[in-house]
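# Structure at a glance
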Amino acid sequence: MKPIQKTVRQEREKQAGKQPHFERKERKSAVNSDIKSTPKAKVARPSRQSTVEGEKLQKVLARAGQGSRREIEAMIAENRVSVDGKMATLGDRIDVHSGVKVRIDGRIINLQQAQKEVCRVLMYYKPEGELCTRSDPEGRATVFDRLPRLNGARWIAVGRLDINTSGLLLFTTDGELANRLMHPSREVEREYSVRVFGQVDDAMLARLRKGVQLEDGPANFKEIKFAGGVGINQWYDVTLMEGRNREVRRLWESQGIQVSRLIRIRYGNIKLMKGLPRGGWEEMDLENVNYLRELVGLPPETETKLDVTKPRRRPKSGQIRKAVKRYTELSKRYKK
């Protein structure tokens, strides 16, 4: 084998006491090979889910009593909601325990109710003539006028009754509960007592049970029971599985029958309390609240605002009537 002739560069490096270039290169490649042969430790990358903290904004605000999720989603889409001074967008999440400041229409929202919420439900006997809205430009009475005041929350109506319909109307502080109870997919039964004017026969009742075509699609009564009356003024108890606008009236009108009185008497298994006067309300106990929550797949509530240490006394209907009358008189004076 011929001796390797040294280049000028190698000779200079040797004279300067440096390691020859080709030896440094070989050593470097050897180190690299050692590194390659050593298995790399896997670095745990943070998952996308772990980087997202808190709950969806619309869920928190619904729990704080600011409306149903759908209503709040509409507010967010309309740029009415801000988080720490920045306009919120759909999909935003917040941590209610972090001191975050949320505003709706510039008004700061108390999130304390969202941190520790007690689901409350009221039974209200809506009289005819009241609107199912929070305020009316014409100054007419609304179903919210008589309800007890709340701090850090608000009452949400579970569905609506038109101005000429009276009877059972539920209110809750839990927006998610209200939203699920109103959703058609839950098929919560509503029962009405209806007085009709006209000649009703068996063929007509059969059509109403089977289903008729309305402007917004087919509809029918799940059940129809005769409840009394003579001649062409008769009472029937009818059951629906949804709550479309004026659905009971429109079903009867499709058969040429006029509805002269309409009262909702049941929602699910919650019946309108006997002795409760029109315009009166009663807060429901934990058992009934949890019945409604179970009905729509929500976990049971563990607390109640009612004093469970004392035997519950049902208020006398006379006392409620006096309170309703007194409130009505004060409201009329105030509106004047």
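The coordinates are above.
Heads up: these notes are all about the structure in this document. Predicted model only: the values in this text are computed from it and were never measured. (Residues numbered from 1 in each chain as written. Predicted model: local features only at pLDDT ≥ 70, side-chain atom pairs only at ≥ 80, totals over all residues. Heavy atoms only, no water.)

### Things to note about the environment of G198
For G198, the location among the structural elements is in the loop between β10 (190-197) and α8 (202-210). On the basis of relative accessibility, which here comes to 13%, the residue G198 falls in the buried class. Apart from residues lying up to four places away in sequence, G198 is in contact with I232 and I257. (Helix = DSSP H or I, 4+ residues; strand = E, 2+ residues; numbered from the N terminus. Buried < 20%, exposed > 50% of the residue type's maximum accessible area, 1.4 Å probe, protein only. Contact = heavy atoms within 4.5 Å.)

### Notes on the side chain of E283
Within the element layout of this structure, E283 appears in strand β17 (residues 281-283). A polar contact is formed between the side chain of E283 and the side chain of R120, at a distance of 2.9 Å. (Polar contact = N/O pair within 3.5 Å; in protein donor to acceptor, adjacent residues only side chain to side chain.)

### Thoughts on unusual backbone geometry
Even without being a glycine, N79 presents a positive backbone phi close to 60°. With respect to the helices, strands and loops of the structure, N79 is situated in the loop between α5 (69-77) and β2 (81-83). Within the chain, E187 stands out as a residue other than glycine whose phi angle is a positive 50°.

### Comments concerning the sheet that holds β2
Strand order across the open sheet formed by four strands is β3-β2-β5-β6, with antiparallel pairing between neighbours. A strand with exactly one partner marks an edge of an open sheet, and here the two such strands are β3 (86-87) and β6 (107-108). Alignment of strand β5 (residues 102-104) against β6, held across two bridges, turns out to be antiparallel. From the neighbouring strand, I104 faces β6, where its bridge partner is R107. (Pairing = 2+ DSSP bridges.)

### Quick look at the environment of R264
Its place among the elements puts R264 in strand β15 (residues 258-267). Note on R264: relative accessible area 3%, which makes it buried. Along the sequence, R264 and D237 sit 27 residues apart, while their C-alpha atoms lie 9.4 Å from each other. If near-sequence neighbours (up to four positions away) are discounted, R264 is found in contact with V158, R160, L161, S166, G167, L168, L169, R190, E191, Y192 and L272. One polar contact links R264 to Y192, side chain to side chain, over a distance of 3.4 Å.

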